[in-house]
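# A closer look at the structure
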Amino acid sequence: MRLSKLVGRRIKEIPRDATSVSHQLLLRGGYVRPVASGIYSILPLAKRVLGKIENIIREEMNRIGGQEVLVPVVMPRELWEESGRYQSIDASMVRFKDRNQKDFVLGMTHEEAMVALARTEVSSYKQLPFMLYQIQTKFRDEPRPRSGLIRVREFTMKDAYSFHRSEEDLVRFYDECYKAYEQIFKRVGLKNTRVVQSDTGMMGGAVAHEFMLEAAIGEDSLVLCDGCGYAANSEVAVCKYQTSSKTSEKLLEEVKTPSCKTIEDLCKLLRVTAAQTAKAVFYSFKDTSGEKILVFCLVRGDRAVNDVKLAKAVGTTSLEMATEDQIRAVGAEPGYASPVGINTSKNLMVLVDQSVVEACDLVTGANKKDLHLLNFNAVRDIKCDYRACDITSVNEKDSCVHCGHGLRLTRGIEIGNIFQLGTKYTASMGMSYVDENSKSQTPIMGCYGIGVGRLMASVIEDCHDARGPVWPKSIAPYQVHMCVLDAAEETVQARAKSVYNELCLKGIEVLWDDTNSQAGVQFADADLMGAPIRLVISRRTEQRGVLEYVMRDGSAKGDVVASELIDFVLSKTID
Ligand SMILES: [Zn+2]
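The present account deals with the structure reproduced in this document. Being a predicted model, the structure only gives us computed values, none of them experimental. Within each chain, residues carry numbers counting from 1 in the order of the written sequence. Thresholds applied to this predicted model are a pLDDT of at least 70 for local features of residues and 80 or more for the giving and counting of side-chain atom pairs; totals over whole chains, interfaces and linings are not thresholded and use all residues. Here the side-chain values reflect all heavy atoms present in the structure, with hydrogen atoms and water set aside.

## Side note on the overall build of the protein chain
Secondary structure elements follow DSSP: runs of H or I of four or more residues count as helices, runs of E of two or more count as strands, with numbering from the N terminus. Looking only at helices and strands, the protein chain features 17 helices and 31 strands. Seen along its three principal axes, the alpha-carbon backbone of the protein chain occupies a region of about 95 × 65 × 50 Å. Only protein chains enter the accessibility calculation, which uses a 1.4 Å probe. A residue is then buried if its area is under 20% of the maximum for its type, exposed if over 50%, and partly exposed in between. By the burial criterion, 53% of the 575 residues in the protein chain qualify as buried. Contacts are residue-level and defined by heavy atoms, with any inter-residue pair within 4.5 Å sufficient. Once local pairs closer than 6 in sequence are excluded, the contacts in the protein chain between residues at least 24 apart make up 69%. When the accessible surface of the protein chain is split by element, carbon and sulfur atoms take 49% of a total near 26400 Å². For the area figures, the Shrake-Rupley method with a 1.4 Å probe applies, and any residue is considered shielded solely by the protein chains shown.

## Details of the nonpolar core
Most often, soluble globular proteins have nonpolar side chains that are buried together. Side-chain atoms within 4.5 Å are what join buried Ala, Val, Leu, Ile, Met, Phe, Trp, Tyr and Cys residues into a set we call a nonpolar core. The biggest cluster of nonpolar side chains holds 61 residues, and the ones touching the most others in it are Ile53, Met61, Tyr181, Phe185, Tyr448, Met456 and Trp471. For methionine 456, the contacting residues outside a window of four places in its chain are Leu26, Ala46, Val49, Leu50, Ile53, Leu149 and Trp471. Counting 29 residues, the second largest nonpolar core, distinct from the first, contains Tyr86, Ala113, Met429 and Cys447.

## Digging into the sheet that holds strand E27 (residues 480-484)
Taking strand neighbours across the sheet as the criterion, the five strands line up as E28-E27-E29-E30-E31 in an open arrangement whose pairing is mixed. Each end of this open sheet is capped by a strand with a single partner; those strands are strand E28 (510-513) and strand E31 (557-561). Along the sheet, successive strands turn relative to each other by an average axial angle of 25°, direction set aside. One bridge is not enough; two strands pair if DSSP finds at least two bridges between them. The pairing of E27 with E28 spans four bridges and is classified as parallel. The partner of valine 480 across the bridge, within E28, is valine 510. Note on method: axes are straight lines fitted to C-alpha atoms, helices fitted across the in-contact stretch only, with angles between N-to-C directions ranging 0 to 180 degrees.

## Examining unusual backbone geometry
With an omega of -5°, the peptide bond between leucine 128 and proline 129 qualifies as cis. Within the secondary structure, proline 129 is located in the loop between helix H5 (111-121) and strand E7 (130-139). With a phi close to 45°, serine 259 is a non-glycine residue in the positive phi region. Tracing the backbone shows serine 259 in the loop between strand E13 (253-256) and helix H7 (263-270). If you check the backbone angles, aspartate 361 has positive phi at about 50° while not being a glycine. Take aspartate 361: it is sitting in the loop between helix H10 (354-357) and strand E18 (362-368). Accessibility expressed as a relative area gives 22% for aspartate 361, which makes it partly exposed.

## So, the coordination of the zinc ion
Atoms are scored as donors when they are N, O or S and lie within 2.8 Å of the metal, with 3.2 Å used for Na, K and Ca; no water is included, so coordination may look incomplete. Those donors, Cys225 (SG), Cys228 (SG), Cys400 (SG) and Cys403 (SG), are the protein atoms that reach the zinc ion, and they lie 2.3 Å from it. Labels for metal geometry use angle windows, namely 85 to 135 degrees for all angles of a four-donor tetrahedral site, and for square planar (four donors) or octahedral (six donors) sites opposite donors over 155 degrees apart plus all others within 65 to 115; sites meeting none of these are irregular. Bound by four donor atoms, the zinc ion shows angles of 96 to 115° at the metal and therefore tetrahedral coordination geometry. Donor residues for the zinc ion sit on one chain with the sequence pattern C-x2-C-x171-C-x2-C. With cysteine 228 in the loop between strand E11 (220-225) and strand E12 (231-233) and cysteine 403 in the loop between strand E20 (387-389) and strand E21 (407-422), this residue pair connects regions lying 175 residues apart in the sequence. Exposure remark for cysteine 403: the relative accessible area of 38% places this residue in the partly exposed category.

## Details of helix H6 (residues 167-187)
Helix span, as expected, comes to 1.5 Å for every residue beyond the first. Along its 21 residues, H6 runs 30 Å from first to last C-alpha, staying within 8% of the 30 Å computed at 1.5 Å per residue. For H6, the full list of buried residues reads Asp169, Leu170, Phe173, Tyr174, Cys177, Ala180, Tyr181, Ile184 and Phe185. Along the axis of H6, the buried residues cluster in a sector spanning 135°; they form a single face. Exposed residues on H6 whose side chains face more than 90 degrees from its buried face are Glu168, Lys179 and Lys186. Positive backbone phi, at 95°, marks glycine 189, one or two positions downstream of H6. By arc we mean the arc of the directions from the helix axis to the C-beta atoms, nothing more.

Geometric descriptors of this kind do not, in isolation, establish any biological role.
Here's what the structure looks like:
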């Protein structure tokens, strides 16, 4: 490919609003262009990278028996009503009417379409297990698209769905897929990946893992144990609390705490740490009959309520902050609240975090203005109905439940996920097969996703320097970037042509800078395009009878004689 013909302008300046490295470099190198918020056009350079990533994914999916299919992006409402998700998914799913006023949706995931396909084609136990996958466009109307291709609204995903006769068979295949995923991320050149336990969210199911790239710009908060290798998304991460074995002898005691509305004020006045306090946090939601329910959470003062854990404990994602009137209605005093002495009410749900249940002699609210209680012990002192549960995030240095080591918090970009779904979709959508005893059975499902564009951006986050992406050779858009200086000279021009033709004949992908720009401009372009090998042909190299090479990853540079060039390039680009 001649650079002068390549569509995709290089930009010198760092684009405004592009906060992540991958976003900046994808724009600067002419890889992608925004069309609308979270919606991008893919230019030739990026299309080449994505094609290679897709091929690696395809090879690994085929290796474990996957069969590639393509189900539509546009699906009728009825399909999503069968699974119950037409109603349960929020505005992130785009719904629209066709010209005949029929309701349709844009696929943001494809469980429904795959089950609908599989149930018409599969009827016997002899056909199980099997896995279908596709590489297809999806649309999710994200409220906050950001970081370029990391969080977008329109995206390409590899999504796979497996169908099994038993839990054991699902677990066996899940393991195979887990290994295939490790292989994929290794082959695309990612270095800092981790697998963590994760929440199953709107997918449903019991067991799930996320493949994460450790990166500061990641949206996910990860909890890691360097002692035993425990790793979990903070949405599901757990820790061990120091429990005192003996019950407290000390009695509840009121203490005056004038204008101590925050935990900090309280700690200062009473000379205690935040971990020695219990704070109340209130939420509200409407139940199925439309009644407003107050969710009264009591958590240790040093801990934050985790939205995902809370939503799971309550059973709804539409939680709002409660009003002071709602709080007072149950006999609690905002700013000085605890479940001690409050009224029971059918519109009240009291959740006490495990951190409070397992602690001894805490300071908590007395439900009277300017008063707190000392020596609060949840199990002894809460008289109303309550549920002990885990609704807070793990803190840095909390103890690992498995080995007691201090936990570490870091951030990650989710690059893939795998779920053991169970029968959520096959049961609700009536997929069945006949077993060897002629009995009708419901297949058990797993599903497995990888965002292809996000994976490309993640590789840049993981493999770059100040000048541009350092593409791993497995997915680099071109293997060789040929810079030609003094191009007006005949010998130089002739050399460029013959080198280009020879490399192309050997199937090596070459980008030929035929722009005759200054060396600095050519080298800056080469860095932005990130080909593993940069070759330089110039008057000087011609005089010396060599070509200069520089490896993009900084591992080597030097001269190579023209007659040895092909072997040299092949040795550097093929494993
Ligand atoms: Zn551990």
